[in-house]
Amino acid sequence: MIYFVGAGSGDVELITVKGKRLLEEASLVVYVGSLVNPALLEYCRPDCEKVDSARLTLEEIIALLCARREDETVVRLHTGDPSLYGAIAEQMRLLDERGRAYQIVPGVSSMSAAAAALKAEFTPPGVSQSVIISRRAGRTAVPEKESIPSLASHGASMVLFLSAGMLKDLCRELIEGGYPPDTPAAVVYKASWPDEEIVRGSLCDISEKAQHITKTALVLVGDFLKGGVERSRLYDPGFSHGYREAEK
Ligand code: SAH
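If you're wondering where the values come from, they're calculated on a predicted model, not measured in any experiment.

*Asks:* Quick question: what am I supposed to make of the sheet that holds strand S5 (residues 102-105) here?
*Replies:* One key point about sheets: their strands pair by backbone hydrogen bonds, in either a parallel or an antiparallel sense. The strand order across the open sheet built from 5 strands is S3-S2-S4-S1-S5, with neighbouring strands paired in parallel fashion. The sheet is open, and its two edges are formed by strand S3 (49-52) and S5, each paired on a single side. Sheet twist, expressed as the average angle between the axes of neighbouring strands with direction ignored, equals 20°. Relative to strand S4 (residues 74-78), strand S2 (residues 28-31) runs parallel, the two being bridged by 4 bridges. When the bridges of S4 are listed, Val 30 appears paired with Arg 76.

*Asks:* I would appreciate a short explanation of the sheet that holds strand S8 (residues 184-189) in the present structure.
*Replies:* One open sheet holds the 5 strands; their spatial order is S6-S7-S10-S8-S9, and the pairing between them is mixed. For this open sheet the edge positions go to strand S6 (131-135) and strand S9 (197-202), each flanked by a neighbour on one side alone. Strand after strand, the sheet turns through a mean of 20° between neighbouring axes, direction not considered. Where strand S7 (residues 157-161) and strand S10 (residues 217-221) come together, 3 bridges link them in antiparallel fashion. Its bridge partner being in S10, Met 158 is matched across the sheet by Val 221.

*Asks:* Is there a simple way to explain the nonpolar core in this structure?
*Replies:* A general trend in soluble globular proteins is that nonpolar side chains are found buried together. Counting residues in each nonpolar core, the largest one holds 23 residues, and the members touching the most others are Met 158, Leu 160, Leu 174, Val 187 and Val 221. Elements with a minimum of two residues in this core: helix H5 (148-152), S7, helix H6 (167-177), S8 and S10. Per-element accounting of this core gives the leading share, 4 residues, to H6. Setting aside residues no more than four positions away along its own chain, Leu 160 makes contact with Ser 134, Arg 135, Ile 148, Leu 170, Leu 174, Ala 217, Leu 218, Val 219 and Val 221. Among the nonpolar cores identified, the runner-up in size contains 18 residues, and Val 29, Leu 40, Cys 48 and Val 105 belong to it.

*Asks:* Would you take a moment to explain helix H4 (residues 110-118) for this structure?
*Replies:* Since the α-helix turns once every 3.6 residues, residues separated by three or four places project in the same direction. The set of residues buried in H4 consists of Met 111, Ala 113, Ala 114, Ala 115, Ala 117 and Leu 118. Of the surrounding elements, those touching the buried residues of H4 are S6, S7, S8, S9 and S10. Following H4 by one or two positions, Lys 119 has its phi on the positive side, about 50°.

*Asks:* Sorry, what's going on with the site of the ligand here?
*Replies:* The environment of the ligand is formed by 18 residues, the closest being Asp 81, Leu 84, Ser 110, Ala 191 and Ala 217. For the ligand, an oxygen atom lies 2.9 Å from a polar atom in the side chain of Ser 109. A distance of 2.8 Å separates an oxygen atom of the ligand from a polar atom in the backbone of Ala 217. Here the ligand has 540 Å² of accessible area as a free molecule, and 94% of this is covered by the chains. Considering only residue class, the shell around the ligand consists of 10 nonpolar, 6 polar and 2 charged. Here the shell around the ligand gathers at least three residues from each of two domains, domain 1 (2-105) and domain 2 (110-226).

*Asks:* Can you walk me through the domain arrangement of the protein in this structure?
*Replies:* Interfaces are often sized by the amount of accessible area the parts lose when they come together. You can read the domains of the protein as domain 1 (2-105) and domain 2 (110-226). Here the C-alpha centre of domain 2 lies 28 Å away from the C-alpha centre of domain 1. Taken together, the 11 residues of domain 1 in the interface contact 12 residues of domain 2. Interface area for domain 1 against domain 2, summed over the two sides, is near 800 Å², with a carbon-plus-sulfur share of 70%. Considering only the surface of domain 1 that becomes buried against domain 2, Ser 9, Leu 84 and Tyr 85 emerge as the three largest contributors, covering 62% of it. Grouping the constituent residues of the side of domain 1 that touches domain 2 by class yields 6 nonpolar, 4 polar and 1 charged.

Conventions and cut-offs
- Residues numbered from 1 in each chain as written.
- Predicted model: local features only at pLDDT ≥ 70, side-chain atom pairs only at ≥ 80, totals over all residues.
- Heavy atoms only, no water.
- Pairing = 2+ DSSP bridges.
- Helix = DSSP H or I, 4+ residues; strand = E, 2+ residues; numbered from the N terminus.
- Axes fitted to C-alpha atoms, helices over the stretch in contact; angles between N-to-C directions.
- Core = buried A, V, L, I, M, F, W, Y, C linked by side-chain atoms within 4.5 Å.
- Buried < 20%, exposed > 50% of the residue type's maximum accessible area, 1.4 Å probe, protein only.
- Contact = heavy atoms within 4.5 Å.
- Near = heavy atom within 4 Å.
- Polar contact = N/O pair within 3.5 Å; in protein donor to acceptor, adjacent residues only side chain to side chain.
- Areas by Shrake-Rupley, 256 points an atom, 1.4 Å probe, with all protein chains shown as cover.
- Nonpolar A, V, L, I, M, F, W, Y, C, P; charged D, E, K, R; others polar.
- Domains from an automatic or database assignment.
- Buried area = accessible area lost by both parts, 1.4 Å probe.

In structure tokens form, the structure reads like this:
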């Protein structure tokens, strides 16, 4: 069976129990060498073949995965959670065409690891109840309706992947879209890795403060970074719900 496994954001303890078991069983692991922590490969059997996919084409990756028998455990190891900017859709389509079975094991996305590093909640009541996950168009196009200014117009909590190298233009477009220039912003480099770095600021000054960070980073924007928010109704003593009666 072929498994697409989310490796987590970097820290080797942030892979799921299931993902770790599959790495221990695998006879072949094809991993995203540019972002996956190589220490994760220490979970593999000594005779496991490990291939970095960085220099391979889509067709070469699929040929490698399919060269193994169906009863072997084959792992395609992606960073974070494979459903976000993982390019797994095109791999799954080719496996479907070849009639090869596969399963997906989710992982801890870098967006969760970045929120943890910042000790932030994306959805505090009274601030924002939505998270917009996007990227600025670079070499990969973004649909026009999802341009940064149009997404910014919601004023929601926002996480931007693959955009740290375009911070100045990004901040300009976020302000153009309607975020006040003093909106809090943060850049988190290598969330959950030993060399993690956090830069905090606002849309006015973050591009200068985080100038030295150009890749493997997320940009987070919104008032959720402020802290000091309204309390939730979930744990409010005056609010009843399915598991608890309100205090009188
Ligand atoms: N599937 C991955 C994202 C892959 S796209 C996930 O769920 O996290 C690669 C981009 O993700 C990088 O350019 C960077 O923007 C972000 N990224 C990946 N790992 C990161 C980390 N540990 N810290 C901060 N950003 C990270």
